[in-house]
Amino acid sequence: MLSPYTVLDLTDDRGELASMVLGDLGADVIKVEPPMGSSSRRMGLFLEDAPEPERSLHFFAFNRNKRGITLDLTTEASRRVFLRLVEKADFLIESARPGEMDELGLGFDALRRVNPLLVYVAITAFGQDGPYADFAASDLTLAAMGGSMSLQGDPSRPPVRITVPQVWLQASAEAVVAALTAHARMLRTGEAQFVDVSAQTAVVWTMLNAMVAHAIQGSDFNRAGSTLQLGTIALPLVYECADGYAVLLLNGVMLARIIHWLVEDGVVAQEWIESEDWRWYDVRLLQGEPLRYGIQEVLDACRRYARRHTKQELLERGLREGVTIAPVNTVEDVARFRHLQERGYWLVAPLPDGGQAPVPGIFARLTETPMTVRRWAPKLGEHNQEILGGILGLAAEEVAAASGTRTG
Amino acid sequence: MSEQLPFGGIKVADFSWIMVGPTTAKYLADHGATVVRVESASPPDRLRAAGPFKDGVPGTNRSQFFGDFNTSKLSLSLNLKNPAGVAVARRLIAWADVYIESFTPGTVDALGIGYETACSLNPSIIMASNCLMGQSGPAAAFAGYGYHASAIAGFHELTGWPDLAPDGPWMAYTNSIAPRLLAATIMAALDHCRRTGQGQYIDASQLEMALHFLAPQIIDFSVSGRVASRNGNRSDTMAPHGAYPCKGDDQWCAIAVESDEQWDALRRALGDPAWARDDRFRTGDARHRHQEEIDRHLAQWTSGRSAQEVMHLLQSVGIPAGVVQRSSDLLRDPQLAHRNFFRYMDHAEMGNIPYSGHQFRIRGYESGPRFPAPLLGEHNELVLREILGMTDDEITEVVAAGAIA
């Protein structure tokens, strides 16, 4: 879909998903790394736990559909070469700290002179300016400042982030929307666009209903472990089962079906089926009406039932009988999840060490312009000759000088 | 004037509900598209029945959960179980450039507004279906919420404490991932259509989109057999790394020490106490091994100070530190204020209330929600008469048939 467009990707681990998504959508993405490589090449996890630039699974996961070159943008010669690439580009995405590109003489105002239709997207922790713009930030502190941590974790312990870092992925995904919105604006105005993406606000949006809650209801939402607040009642969302956990919200519709399972297993007596109007149980509970069986008694019965079955059994029976039960999958369970296999989701990627592995596939299926993975993450400087020599017509010596790969 | 906006002139029929579809359509709406949100009174969008409610009082038009995700849209209440309602839906699809829906797979075909019908009405339409699992596969019929998808994708397992059952991320985590990727896909499809005149069908699965956010861990499992697990606030590489208690009721500041330099800076900021000079804490690996001990000392220091004080003191020496903020903190966060993030608008029933703003700013363009979320069916008349060009007689007829409800 985006095949007419060229994207220059100057991001590091804070923005690489953004340009990858544009690449998946069809754009020609040129990743520009410093000679020592992107920071994400030094981030774990690593193949065989070897912390080498070509073995980072983080780099590998977020840099497909890109060609890679190296440029040492601290040198005048490299910057001149870079500006020639900017002339040919439609989008530029970077994740430098505010002001860093200006210091190199490669800020938006300099680049728009070279390319008056450029869409320039900058991803930073808090935005380009403002009181916190120069704050130091990490995944953890942004999860805190963006509000999501306050909503997560057991109330008797500190608030928690999602263990696997998410903040820069959220910001990067948002940066794709930002890039395409700005591109649509460029088409209307005929002018280059500067887009300022804030990771903090990308985290705020993960709060969903809690973002403006205090101004509306006069109170904040707070972390409540694995329960879900429904009106005045907090219902558990996570049940221990024979081999792990499952997520189930016991509303009336679910209860009316599950109660038969409980009876069938002998967890509760037969009379439970008839002596309560289960379909409206949750509504009557919320309204404080008298109930034949108290909520704790019902939850205990469901907990006893869940412990007797595996999460896969619960999922499959639920699917057959219209009860929504989700297994709490580990990454191992995900890799083996039959639904994804039958959808043909996984792609088999050749790994940098010569092996291969299934990796997440295309993220949406289109009938006319299907997304494809045309290439896997580039080795450091893999396309220096192809792009600097082939497209810009530099001589071998100039390529070596600009890319910082000159030897001796 | 909306013609000047990025998506001015684009027409969207938003048949989706709850979170992912409506948030996707909101991107287009806030940036200029004319979006008709097709709703029903029976039942209303689940978000209209979920808080936060204005002043804590429930009501169809009092939920800002609904409000935040449906700004800049027109609301048409339409009964799709009624043939006259389906006829109106078809006219809307014929009008639209983009048609978004999030029913259980198969539903739109059964209603007579599936992709084939949409194409026959409008050959260049871009139709996007989104649901948890995608349109095909053995679990396609799984009709759940984002917290189910978050569990299936692996996020539940990865949020909380190793010695407790998983807490899971807040609410419905994958619902914050999917709209970003789906909106981007629709915008790319619009650009393709602008250049070629070609529309298409998009099958988007929340699960398949969200799994990219765990890609390194999934690949790692298949090459090393290692299964990622939840670990509180611990990091594999950094220490100290956690949320530390501060003065006040349930107040916390997150601190992440990324390097030996930052550790030295932290030590000095604490006044170089004797415990911190311990050789066992000098290198990252060593701090990692002894992080529980460091955490105890650090928590003692933070406990006597406000979270704001801890943050500013540590930031002044370059250490990543951030207050664990709640909605009330965000509403007075100076950085968000600087970005003009929250936008106060007058809602017909809730009065002057804040809406969450945009996560990116485009220089020279003060974007944000253009107008508040609609009341249920607020724009029935406008949509039928002005957008669909129906005559008085036609409108009387569909109303009498019970289609507008």
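Residues numbered from 1 in each chain as written. Chains lettered and ligands numbered in written order. Predicted model: local features only at pLDDT ≥ 70, side-chain atom pairs only at ≥ 80, totals over all residues.

1. Considerations on the overall build of chain B
So, step 1. If you tally the helices and strands in chain B, you get 17 helices and 12 strands.
So, step 2. Principal-axis analysis of the C-alpha atoms gives chain B an extent of 85 × 50 × 40 Å.
So, step 3. When burial is assessed residue by residue, chain B has 57% of its 405 residues classed as buried.
So, step 4. Sequence-distant contacts, at least 24 apart, represent 67% of the contacts inside chain B between residues at least 6 apart. (Helix = DSSP H or I, 4+ residues; strand = E, 2+ residues; numbered from the N terminus. Buried ≥ 20, exposed ≤ 12 C-beta atoms within 10 Å, placed from the backbone. Contact = placed C-beta atoms within 7 Å.)

2. A look at the sheet that holds strand E9 (residues 321-323) of chain B
Residue and element names in this part refer to chain B.
So, step 1. If you walk across this open sheet you meet the 3 strands as E7-E8-E9, and the pairing is antiparallel. Strands with a single pairing partner mark the edges of an open sheet, and in this sheet they are strand E7 (241-246) and E9. For this sheet, the mean inter-axis angle between neighbouring strands, taken without regard to orientation, is 25°.
So, step 2. Lying on the sheet, helix H12 (residues 291-303) is in contact with E7 and strand E8 (251-256); it crosses E7 at an angle near 35°.
So, step 3. Contacts between helix H13 (residues 307-315) and the sheet are confined to E7, E8 and E9, with E9 contributing the most and set at about 160° to the helix. (Pairing = 2+ DSSP bridges. Axes fitted to C-alpha atoms, helices over the stretch in contact; angles between N-to-C directions.)

3. As for the pairing of strand E5 (residues 119-124) of chain A
Residues and elements named next belong to chain A.
So, step 1. With respect to burial, E5 is a largely interior element, 6 of its 6 residues being buried.
So, step 2. In this sheet, E5 lies alongside strand E4 (residues 91-94) in parallel orientation, the contact comprising 4 bridges. In the sheet register, Leu92 faces E5, and the bridge partner there is Tyr120.
So, step 3. Pairing between E5 and strand E6 (residues 193-198): 6 bridges, direction parallel. The partner of Tyr120 across the bridge, within E6, is Phe194.

4. Some remarks on the nonpolar core
The nonpolar side chains of a soluble globular protein tend to be buried, and buried together.
So, step 1. The biggest cluster of nonpolar side chains holds 261 residues, and the ones touching the most others in it are Val121 and Ala179 of chain A together with Cys253 of chain B.
So, step 2. Of all the elements, helix H7 (residues 167-189) of chain A adds the most residues to this core, at 14 residues.
So, step 3. Leave out the neighbours within four places in its chain, and Ala179 of chain A touches Leu22, Phe91, Ile93, Val119, Val121 and Val195 of chain A. (Core = buried A, V, L, I, M, F, W, Y, C linked by C-beta atoms within 7 Å.)

5. Digging into the domain arrangement of chain B
So, step 1. For chain B, the domain assignment lists domain 1 (2-212 + 338-400) and domain 2 (241-324).
So, step 2. Measuring from the centre of the C-alpha atoms in domain 1 of chain B to the corresponding centre in domain 2 of chain B gives 43 Å. (Domains from an automatic or database assignment.)

6. Focus: the packing of H7 of chain A against helix H7 (residues 174-196) of chain B
So, step 1. Remark: H7 of chain A packs on H7 of chain B, axes separated minimally by 9 Å, with the N-to-C direction vectors making an angle of 25°. One finds that H7 of chain A runs roughly parallel with respect to H7 of chain B. By crossing handedness, the relation of H7 of chain A to H7 of chain B is classed as left-handed. Across the interface between the two elements, Gln170, Ala173, Glu174, Val176, Val177, Leu180, Thr181 and Ala184 of chain A of H7 of chain A pack against Ser176, Ile177, Arg180, Leu181, Ala183, Ala184, Met187 and Ala188 of chain B of H7 of chain B.
So, step 2. In the contact of H7 of chain A with H7 of chain B, the residues fall into 11 nonpolar, 3 polar and 2 charged. (Parallel < 35°, antiparallel > 145°, perpendicular 65-115°, else oblique. Left-handed = near helix turned anticlockwise from the far one by under 90°. Nonpolar A, V, L, I, M, F, W, Y, C, P; charged D, E, K, R; others polar.)

7. Thoughts on the pairing of strand E5 (residues 126-131) of chain B
All names here are of chain B.
So, step 1. In terms of burial, E5 is a largely internal element, 6 of the 6 residues being buried.
So, step 2. Here E5 shows a buried face lined by Ile126, Ala128 and Asn130 and a second buried face lined by Met127, Ser129 and Cys131.
So, step 3. Strand direction decides the pairing type here: strand E4 (residues 98-101) and E5, joined by 4 bridges, are parallel. Residue pairing across strands places Ile100 opposite Ala128, the latter belonging to E5.
So, step 4. Pairing of E5 with strand E6 (residues 200-205) involves 6 bridges; the strand directions are parallel. By the bridge assignment for E6, Ile126 is matched with Gln200.

8. So, H13 of chain B
Residues and elements named next belong to chain B.
So, step 1. Turning to H13, its buried residues are Ala307, Val310, Met311 and Leu314. Down the axis, H13 shows its buried residues gathered within 95° of arc, on one side only.
So, step 2. The inward-facing, buried residues of H13 contact E7, E8, helix H10 (260-269), H12 and E9. (Arc of directions from axis to C-beta.)

9. Comments concerning the sheet that holds strand E11 (residues 325-327) of chain A
Residues and elements named next belong to chain A.
So, step 1. Sheet architecture is open: 3 strands sit in the order E9-E10-E11, paired in antiparallel fashion. In this open sheet, the two edge strands, each paired with only one partner strand, are strand E9 (238-241) and E11. Neighbouring strand axes in the sheet, compared pairwise and without regard to direction, differ in orientation by 35° on average.
So, step 2. For strand E10 (residues 244-248) and E11, the ladder comprises 3 bridges, and the chain directions are antiparallel. The partner of Leu248 across the bridge, within E11, is Ile325.
So, step 3. Lying on the sheet, helix H13 (residues 295-307) is in contact with E9 and E10; it crosses E9 at an angle near 45°.

10. Details of the environment of Met207 of chain A
So, step 1. With respect to the helices and strands, Met207 of chain A occurs in the loop between helix H8 (199-204) and helix H9 (213-217).
So, step 2. Taking the C-alpha atoms as reference points, Met207 of chain A and Arg84 of chain A, separated by 123 residues in sequence, lie 42 Å from one another.
So, step 3. Not counting chain neighbours up to four residues away, the residues in contact with Met207 of chain A comprise Gly147, Ser148 and Leu151 of chain A together with Trp170 of chain B.

11. Overview of the interface of chain B and chain A
Note on interface size: it is often stated as the accessible area lost on association of the parts.
So, step 1. Counting residues at the interface gives 128 residues for chain B, matched by 117 residues for chain A.
So, step 2. Broken down by element, the side of chain B that touches chain A gets its largest block of residues, 14 residues, from H7 of chain B.
So, step 3. Classifying every residue of the side of chain B that touches chain A gives 72 nonpolar, 39 polar and 17 charged.
So, step 4. Examined bridge by bridge, E6 of chain A and strand E12 (residues 360-362) of chain B share 3 bridges and lie antiparallel to one another. For Val197 of chain A, the partnering residue across the bridge sits in E12 of chain B and is Phe360 of chain B.

12. As for unusual backbone geometry
So, step 1. In this structure, the amide linkage connecting Ser42 of chain B to the following residue, Pro43 of chain B, adopts the cis form with an omega of -5°.
So, step 2. Turning to its location among the elements, Pro43 of chain B is positioned in the loop between strand E2 (34-39) and helix H2 (64-68).
So, step 3. Cis peptide bonds are those with omega within 30 degrees of zero, and the linkage from Ala239 of chain B to Pro240 of chain B qualifies with -5°.
So, step 4. Residue placement: Pro240 of chain B occurs in the loop between helix H9 (215-224) and E7.
So, step 5. Phi at Asp49 of chain A is positive, roughly 55°, even though this residue is not glycine.
So, step 6. The residue Asp49 of chain A is located in the loop between strand E2 (28-33) and helix H2 (57-61) in this model.

13. What to know about the packing of helix H1 (residues 20-30) of chain B against H7 of chain B
All names here are of chain B.
So, step 1. Orientation of H1 relative to H7, taken along the N-to-C sense of each, is 45°, at an axis distance of 8 Å. Taken together, the axes of H1 and H7 lie oblique to each other. H7 is crossed by H1, and the crossing has right-handed handedness. Of the residues in H7, those in contact with Val20, Thr23, Thr24 and Tyr27 of H1 are Asn175, Ala178, Pro179, Leu182, Ala183 and Ile186.
So, step 2. Of the residues that constitute the contact of H1 with H7, the class distribution is 7 nonpolar, 3 polar and no charged.

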